[in-house]
Amino acid sequence: MADRDIPAFAVGGSGQTLRIVVLASGNGSNLQALIDAIASKSLPACIVAVCSDKPDCLALQRAQQAGIATWAQRPRDFANREAFDDALFAHIDTLQPALIVCAGYMRVISATAAQRHVGQMINLHPSLLPRHPGLHTHARALEAGDREHGASVHLVTAELDAGPVIAQARVPVHGNDSEDALSHRVRAREHPLLLGVVALFADHRLRTDGNAITFDGRPLDSPLQLDCHDQLQR
Ligand code: GAR
């Protein structure tokens, strides 16, 4: 059976398997964390493709090494943002993923494409949203004198980094922190944060209906928090 004939939740060896497409532009350490968790059977999911706007990025090499299909195009080969996203999401839609995971995808997604996939697409962002949307989040947290910083996973909506936040991981900011030190501290928590959220989708404990989110059957009024045992708690 061709990949695209498999429904959003496919029955795999150990029960149901969440079909994921990952979007990435850079190093791909979060993608690798997903690949490793799936390989060790601690995450009941399968990555059906990794897509990128950077054909030479390390994330694509990681995907290829793991035997995952890839799609990559250069934005400059398209007339505009909408044309690039039309091609990207036309490809993604044929794969029928249950979840699209932006893990270090550094390109703004057009409002039309985002709107068409509300409830189906999540983004990992390196700050405690709504603080510091956009770029250079670690430098901005230091500049603002924040005592606490972290990472968020949120639903992608038409407005950049403004969709409902599903879960967060918090880290302290130390007085002598450099941007590098702070970004390392955040990155170490991003991996369990993203894995935790994807696992909750795979277990059907997190569900979405448009931009409404439920967790264990109840509306999610505030973001889940990653505790020191890497568990997400209400
Ligand atoms: C992560 O820190 C992620 O939060 C950030 O890019 C990094 C990717 O790391 N994402 C964004 O800034 C999205 N606006 P990785 O390539 O090693 O997974």
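What counts, and at which threshold
Residues numbered from 1 in each chain as written. Predicted model: local features only at pLDDT ≥ 70, side-chain atom pairs only at ≥ 80, totals over all residues. Heavy atoms only, no water. Near = heavy atom within 4 Å. Polar contact = N/O pair within 3.5 Å; in protein donor to acceptor, adjacent residues only side chain to side chain. Helix = DSSP H or I, 4+ residues; strand = E, 2+ residues; numbered from the N terminus. Nonpolar A, V, L, I, M, F, W, Y, C, P; charged D, E, K, R; others polar. Phe/Tyr/Trp six-rings, centres within 6.5 Å; stacked < 30°, edge-to-face > 60°. Buried < 20%, exposed > 50% of the residue type's maximum accessible area, 1.4 Å probe, protein only. Salt bridge = Lys/Arg side-chain N within 4 Å of Asp/Glu carboxyl O. Expected span 1.5 Å × (residues − 1). Arc of directions from axis to C-beta. Core = buried A, V, L, I, M, F, W, Y, C linked by side-chain atoms within 4.5 Å. Contact = heavy atoms within 4.5 Å. pLDDT = per-residue confidence, 0-100. Right-handed = clockwise from strand over helix to strand, strands pointing away.

Caption draft 1: Representation of the site of the ligand. If you check the shell around the ligand, you find Asn27, Gly28, Ser29, Asn30, Gly104, Met106, Leu124, His125, Pro126, Arg187 and Glu190 and nothing else. In this structure, Asn27 approaches the ligand through a side-chain N or O atom, which is 3.3 Å from an oxygen atom. Listing elements by their share of the shell around the ligand, those giving two or more residues are helix H1 (29–39), strand S6 (121–125) and helix H6 (179–202). For the shell around the ligand, the class distribution of residues is three nonpolar, six polar and two charged.

Caption draft 2: Structural detail: the packing of aromatic side chains. Per the stated rule, a full pass over the model turns up two aromatic pairs. Between Trp71 and Phe84 the ring centres are 5.8 Å apart and the planes differ by 70 degrees, which places this aromatic pair in the edge-to-face class. Taken as a pair, Trp71 in strand S4 (residues 70–72) and Phe84 in helix H3 (residues 81–95) lie far apart in primary sequence, 13 residues in all. Taking 5.3 Å as the distance between ring centres and 85 degrees as the angle between the ring planes, the aromatic pair formed by Phe78 and Phe84 counts as edge-to-face. Since its relative accessible area comes to 21%, Phe78 is described here as partly exposed. Residue Phe84 is classed as buried on the basis of its relative accessible area, which comes to 0%. These aromatic residues form a ring-pair network of at least three members: Trp71, Phe78 and Phe84.

Caption draft 3: Inspection of the pattern of salt bridges at higher detail. One pass over the full model with this rule turns up eight salt bridges. One salt bridge connects Asp93 with Arg116, and the closest N-O pair in it is separated by 2.9 Å. Here Arg116 lies in helix H4 (residues 111–116) and Asp93 lies in helix H3, a separation of 23 residues in the sequence. Judged by its relative accessible area of 31%, Asp93 is partly exposed. Arg170 serves as the salt-bridge partner of Glu148, at 2.8 Å between the closest nitrogen and oxygen.

Caption draft 4: Highlighting H3. Helix length check: H3, at 15 residues, gives a terminal C-alpha distance of 21 Å against a target of 21 Å (1.5 Å per residue), a fit within 8%. Three or more residues of H3 are buried, namely Phe84, Asp85, Leu88, Phe89, Ile92 and Leu95. Down the axis of H3, the smallest arc covering the buried residues is 110 degrees, so these residues share one side. Put simply, Asn80 is the residue that caps the front of H3, since its side-chain oxygen is 3.2 Å from the backbone nitrogen of Glu82. Immediately beyond the C-terminal end of H3, within one or two residues, lies Gln96, with a positive phi of roughly 50 degrees.

Caption draft 5: Representation of the nonpolar core. Val101, Ile122, Ile166 and Val198 are the most contacted members of the largest nonpolar core, which totals 47 residues. Broken down by element, this core gets its largest block of residues, nine residues, from H6. Filtering out sequence-adjacent residues up to four positions away, Val101 remains in contact with Ile20, Val21, Val22, Leu23, Leu34, Ile122, Leu194 and Val198. Counting residues in hydrophobic clusters, the runner-up holds 19 residues, among them Ala49, Phe84, Met121 and Val156.

Caption draft 6: Representation of the confidence of the model for the protein chain. Averaged over all residues, the pLDDT of the protein chain equals 94, while 94% of them reach at least 70. For the stretch residues 1–6, pLDDT sits under 50, and the model shows seven contacts to residues farther than four places along the chain or on other chains. For residues 10–14, every residue scores under 50 in pLDDT, and the model assigns this stretch five contacts once sequence neighbours within four places are set aside.

Caption draft 7: Highlighting the pairing of strand S5 (residues 99–102). Burial of the side chains of S5 extends over both faces: Leu99 and Val101 are buried on one face and Ile100 and Cys102 on the other. For the crossover from S5 across H4 to S6, the handedness is right-handed.

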